[in-house]
Amino acid sequence: AKGVYLSFQPGFLTKGSDIIFGNENNVINDTVVTFKISQSYFTLPLNIKIFKNNFYAGGGLAVQFISSANIKNKSNDNEQEIKDKFQNIDLVSNFNVGYQLNIGKPYLFFELRYLQGLIDINKQNTVSSARKDIYISNFKSKGFSFITGLIFPLK
């Protein structure tokens, strides 16, 4: 259909989160510990884009392959590799809006994308082996990203 395109956008992305343990109301600051988790992925998204002039909206699926994962204690800068705690593959859906700037071929694009994980990425999604009363939760990727890049049309 006119104005509808299939787009394959391989890339590399980093994502992560802060985890805060301690006093919920932060009344006693020395009881609060913050950890930062950082993950890097090679990603293979396949998207459908529907254009209106140079603006577009769309969505698709992406398979992501983890390349690294680290956790850092923000209070003492102690960092550890934790890649073995995550699944090797993450499957996400995405929804996007963007603008394509025609500067000749290739085209330049700017895109805001929402990612929602479809599978649990935690390898240890069972009861903790150390203590049977602590449940380690399942979790999925999610969040917003701003992407810019070049589009190389095949025709």
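Criteria and thresholds
- Residues numbered from 1 in each chain as written.
- Predicted model: local features only at pLDDT ≥ 70, side-chain atom pairs only at ≥ 80, totals over all residues.
- Heavy atoms only, no water.
- Helix = DSSP H or I, 4+ residues; strand = E, 2+ residues; numbered from the N terminus.
- Buried < 20%, exposed > 50% of the residue type's maximum accessible area, 1.4 Å probe, protein only.
- Contact = heavy atoms within 4.5 Å.
- Areas by Shrake-Rupley, 256 points an atom, 1.4 Å probe, with all protein chains shown as cover.
- Phe/Tyr/Trp six-rings, centres within 6.5 Å; stacked < 30°, edge-to-face > 60°.
- Lys NZ or Arg CZ within 6 Å of the ring centre and 35° of its normal.
- Polar contact = N/O pair within 3.5 Å; in protein donor to acceptor, adjacent residues only side chain to side chain.
- Patch = residues over 30% accessible without salt bridge, like charges linked within 9 Å, V, L, I, M, F, W, Y side chains within 5 Å.
- Salt bridge = Lys/Arg side-chain N within 4 Å of Asp/Glu carboxyl O.

Quick word on the overall build of the chain
Part 1 of the argument: Of the regular secondary structure elements, the chain holds zero helices and eight strands.
Part 2 of the argument: Reading the chain from its N end, one meets helices and strands in the order β-β-β-β-β-β-β-β.
Part 3 of the argument: When each of the 155 residues of the chain is scored for burial, the buried share is 28%.
Part 4 of the argument: For the chain, contacts bridging at least 24 residues in sequence account for 61% of all contacts bridging at least 6.
Part 5 of the argument: Split by element, the accessible area of the chain, about 10400 Å² in all, is 60% carbon and sulfur.

Observations concerning the packing of aromatic side chains
Part 1 of the argument: Per the stated rule, a full pass over the model turns up five aromatic pairs.
Part 2 of the argument: Three or more aromatic residues link up through ring pairs in this structure, and these residues are Y5, F51 and Y56.
Part 3 of the argument: Directly above the ring of Y41 sits K15, whose terminal nitrogen or CZ lies 4.4 Å from the centroid.
Part 4 of the argument: The ring of F109 has K49 sitting right over it, with the charged end atom 4.8 Å from the ring centre.

A closer look at the environment of K49
Part 1 of the argument: Tracing the backbone through its elements, the reader meets K49 in strand β3 (residues 33-52).
Part 2 of the argument: A C-alpha to C-alpha distance of 7.2 Å links K49 and S7, two positions 42 residues apart in sequence.
Part 3 of the argument: Beyond its immediate sequence surroundings of up to four residues, K49 is in contact with G3, V4, Y5, S7, Q9, Y56, A57, G58, E111 and I151.
Part 4 of the argument: Looking at K49, its side chain comes within polar contact range of the side chain of E111, at 3.3 Å.

What to know about unusual backbone geometry
Part 1 of the argument: With omega at 5°, the peptide bond leading from K105 into P106 counts as cis.
Part 2 of the argument: Tracing the sequence through the fold places P106 in the loop between β6 (89-101) and β7 (107-117).
Part 3 of the argument: At N53, a position not held by glycine, the phi torsion is positive, near 60°.
Part 4 of the argument: Turning to its location among the elements, N53 is positioned in the loop between β3 and β4 (55-73).
Part 5 of the argument: With a phi angle near 60°, D77 is a residue other than glycine that sits in the positive phi range.
Part 6 of the argument: By secondary structure assignment, the location of D77 is in the loop between β4 and β5 (79-81).

Quick look at a nonpolar patch on the surface
Part 1 of the argument: Nonpolar side chains collect at one region of the surface, where V4, L6, F8, F12, F42, L44, L46, I48, I50, F65 and I89 lie side by side and expose about 1100 Å² of accessible area between them.
Part 2 of the argument: The leading source of residues in the nonpolar patch is β3, at five residues.
Part 3 of the argument: Along the chain, the position of L6 falls in strand β1 (residues 4-8).
Part 4 of the argument: Of the residues examined, L6 reaches a relative accessible area of 63% and is grouped as exposed.

A look at the environment of S67
Part 1 of the argument: Among the structural elements, S67 can be located in strand β4.
Part 2 of the argument: The spatial distance from the C-alpha of S67 to the C-alpha of F42 is 6.9 Å, given a sequence separation of 25 residues.
Part 3 of the argument: When residues no more than four places from it in sequence are discounted, the contact partners of S67 are F12, S40, Y41, F42 and K83.

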